[in-house]
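# What the coordinates show
Take a look at the letters that make up each chain.
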Amino acid sequence: MELSRIIGIKCVVLAFLWTLTNGDTEVSCVFQESCILPCSFLGSTDAVISWSLLKARHVYILSYNSKQDQLTQQDEHFRGRASLFKDQISNGNASLQLTSVEFQDEGRYKCATGGNNDSFISLKVDAPVREVNIEKAENRITCSSEGIYPEPLLTWSTSRQTVFRSTTIVQQSGPNRELYNIKSSVIFPDTKHDFTDMTYSCTVSTRSNNKTAILSNRNLKEGIAKAMVAGVIMIAVILGLIPICCNKFNSKMHQSCSVPMSVLPTVETGSMELQSHQAQQVPDAAEISSQLDLVLTEKTSEEL
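Residues numbered from 1 in each chain as written. Predicted model: local features only at pLDDT ≥ 70, side-chain atom pairs only at ≥ 80, totals over all residues. Heavy atoms only, no water.

### Thoughts on the overall build of the chain
As a reminder, the rule being used: We count a stretch as a helix when DSSP gives it H or I for four or more residues in a row; a strand needs E for two or more, and each element gets its number in order from the N terminus. Note on exposure labels: buried denotes an accessible area under 20% of the residue type's maximum, exposed denotes more than 50%, and partly exposed covers the range between, all computed with a 1.4 Å probe on protein chains only. Any two residues whose heavy atoms approach within 4.5 Å at even a single point are treated as in contact. Areas reported as accessible are Shrake-Rupley estimates using a 1.4 Å probe. Residue values count occlusion only from the protein chains shown.
Counting secondary structure elements, the chain contains three helices and 18 strands. Every one of the 304 residues in the chain was classed for burial, and the buried ones make up 27%. Considering only contacts in the chain between residues 6 or more positions apart, those separated by 24 or more positions represent 57%. Total accessible area computed for the chain in this model is approximately 21100 Å², and 56% of it derives from carbon and sulfur atoms.

Written out as structure tokens, the structure reads:
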């Protein structure tokens with residue numbers, strides 16, 4: 001009796017494993033994006049559909065009956081994020097759409113459409129590699145990428161045979177430390193050797209995708225050229241500012257040396273104050289000539 005029970009349990013486990021590996025539809029969703037879990041049936045105007053997540057406990061997602069959603073038992077985790085394509089149900093489309101996919105959504109889903117036509121979907125969530133950065137400073141080259149799931153792999157390659165050692169650091173980030181940041185540095189022992197004639201490749205890979213960043217001689221020359229252009233522009237700006245500053249300085253010096261007559265001190269004589277700007281005006285040349293003619297005329301009259 002006990003032997004039969006053990007054999008029965010083994011058969012159930014084997015059947016479950018066979019369904020998981022052979023009958024499940026594999027779906028990969030992108031973290032924080034929308035995703036569709038496919039499910040189809042023969043189609044009916046009076047369809048009954050039920051979706052659930054098979055974990056340690058049965059997580060109810062939603063059901064559709066009598067041409068409307070039945071959400072009274074919906075799990076809080078899926079509230080407002082799960083929906084059906086209602087306009088396509090009569091055509092046999094029972095697919096489930098999830099929005100703002102989270103890592104907690106990973107697992108095995110069951111789509112029940114009545115009878116023995118249940119479908120199982122194995123959902124995995126990925127945060128793919130979106131960008132890989134590579135840069136060089138002296139004899140060190142650094143490659144990095146951020147916001148990845150699951151834990152990525154970083155590999156190096158060069159255009160010719162080279163001996164080098166690398167150091168890779170992986171850190172977890174995000175609100176729940178679910179995402180991975182990876183950074184690797186390559187140090188070449190021969191600091192005197194010119195490595196600008198080589199091409200360096202850094203590849204960051206996950207189960208869903210991979211991206212490669214390349215640092216070549218052209219990249220390095222472009223970087224040097226940009227730095228030189230920036231330096232020339234800075235020098236030109238400085239040289240252009242020097243005359244302007246000198247002119248302003250000379251103008252200020254000239255103004256400081258010019259004292260208006262109105263600010264000269266007054267001279268007191270008895271009860272009278274003589275101010276320089278109220279002094280008698282100096283006669284012009286015409287007036288002086290007229291006075292000389294008058295003096296000469298008077299002198300001539302006396303002699304006669």
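Read on, since the account is not over.
### Focus on the pairing of strand β4 (residues 58-65)
So the rule is basically this: Strands pair, by our definition, only if DSSP identifies at least two bridges between them.
Taking burial as the measure, the eight residues of β4 include six buried ones, the bulk of the element. Across six bridges, strand β3 (residues 49-54) lies against β4 in antiparallel orientation. For S52, the partnering residue across the bridge sits in β4 and is Y60. Hairpin connection from β3 to β4: three residues lie between these consecutive antiparallel strands. Of the strand pairs in this sheet, β4 and strand β5 (residues 68-70) are connected by three bridges, and their pairing is antiparallel. Bridged to S63 within β5 is Q70. Between β4 and β5, which pair antiparallel and follow one another directly, the connecting turn spans two residues, one of which, S66, has a positive phi of 55 degrees.

### Topic: the side chain of R108
Rule in force here: Here a polar contact is recorded for every N or O atom pair within 3.5 Å, except that within protein the pair must consist of a potential hydrogen donor and a potential acceptor, and residues adjacent in sequence are included only if both atoms are side-chain atoms.
For R108, the position within the fold is in strand β8 (residues 107-112). Its relative accessible area of 9% is what places R108 among the buried residues. Among the polar contacts made by the side chain of R108, one reaches the side chain of D24 at a distance of 2.7 Å.

### Let's talk about the sheet that holds strand β16 (residues 210-215)
Heads up, the rule is: Helix axes use the C-alpha atoms of the stretch in contact, all axes being lines fitted to C-alpha atoms, and the angles between their N-to-C directions lie in the range 0 to 180 degrees.
Taken in spatial order, the three strands line up as β12-β15-β16 in an open sheet, and their pairing is antiparallel. Every other strand in the sheet has two partners, leaving β12 (153-158) and β16 as the edge strands with one partner each. Taking the axes of each pair of neighbouring strands and ignoring which way they run, one obtains an average angle of 15 degrees across the sheet. In this sheet, β16 lies alongside strand β15 (residues 200-205) in antiparallel orientation, the contact comprising six bridges. Its bridge partner lying in β16, C202 is registered against A213.

### Remarks on the sheet that holds strand β1 (residues 25-30)
Spatial strand order, β1-β9-β8-β3-β4-β5: six strands in an open sheet with mixed pairing. The open sheet terminates on both sides in strands that have one partner only, identified here as β1 and β5. Shown here is a sheet whose adjacent strand axes are inclined to one another by a mean of 25 degrees, direction ignored. Looking at chain direction, β8 and strand β9 (residues 119-126) are connected through five bridges and run antiparallel. Note that in β9 the partner of C111 across the bridge is S119.

### Things to note about the state of the cysteines
Counted only if it meets this: Cysteine sulfur atoms are paired as a disulfide whenever they come within 2.5 Å of each other.
Summed over the entire model, instances satisfying the criterion amount to three disulfides. With its sulfur 1.9 Å from that of its partner, C29 forms a disulfide with C35. The disulfide joining C29 to C35 has a torsion of about -60 degrees about its S-S bond and is therefore left-handed. The side chain of C39 participates in a disulfide bridge whose partner is C111; the two sulfur atoms lie 2.0 Å from each other. Here C39 and C111 share a disulfide; its torsion about the S-S bond, -80 degrees, makes the bridge left-handed. Within this pair, whereas C39 is found in the loop between β2 (35-37) and β3, its partner C111 is found in strand β8, the two being separated by 72 residues in sequence. Pair check on accessibility: C39 and C111 agree, each one buried.

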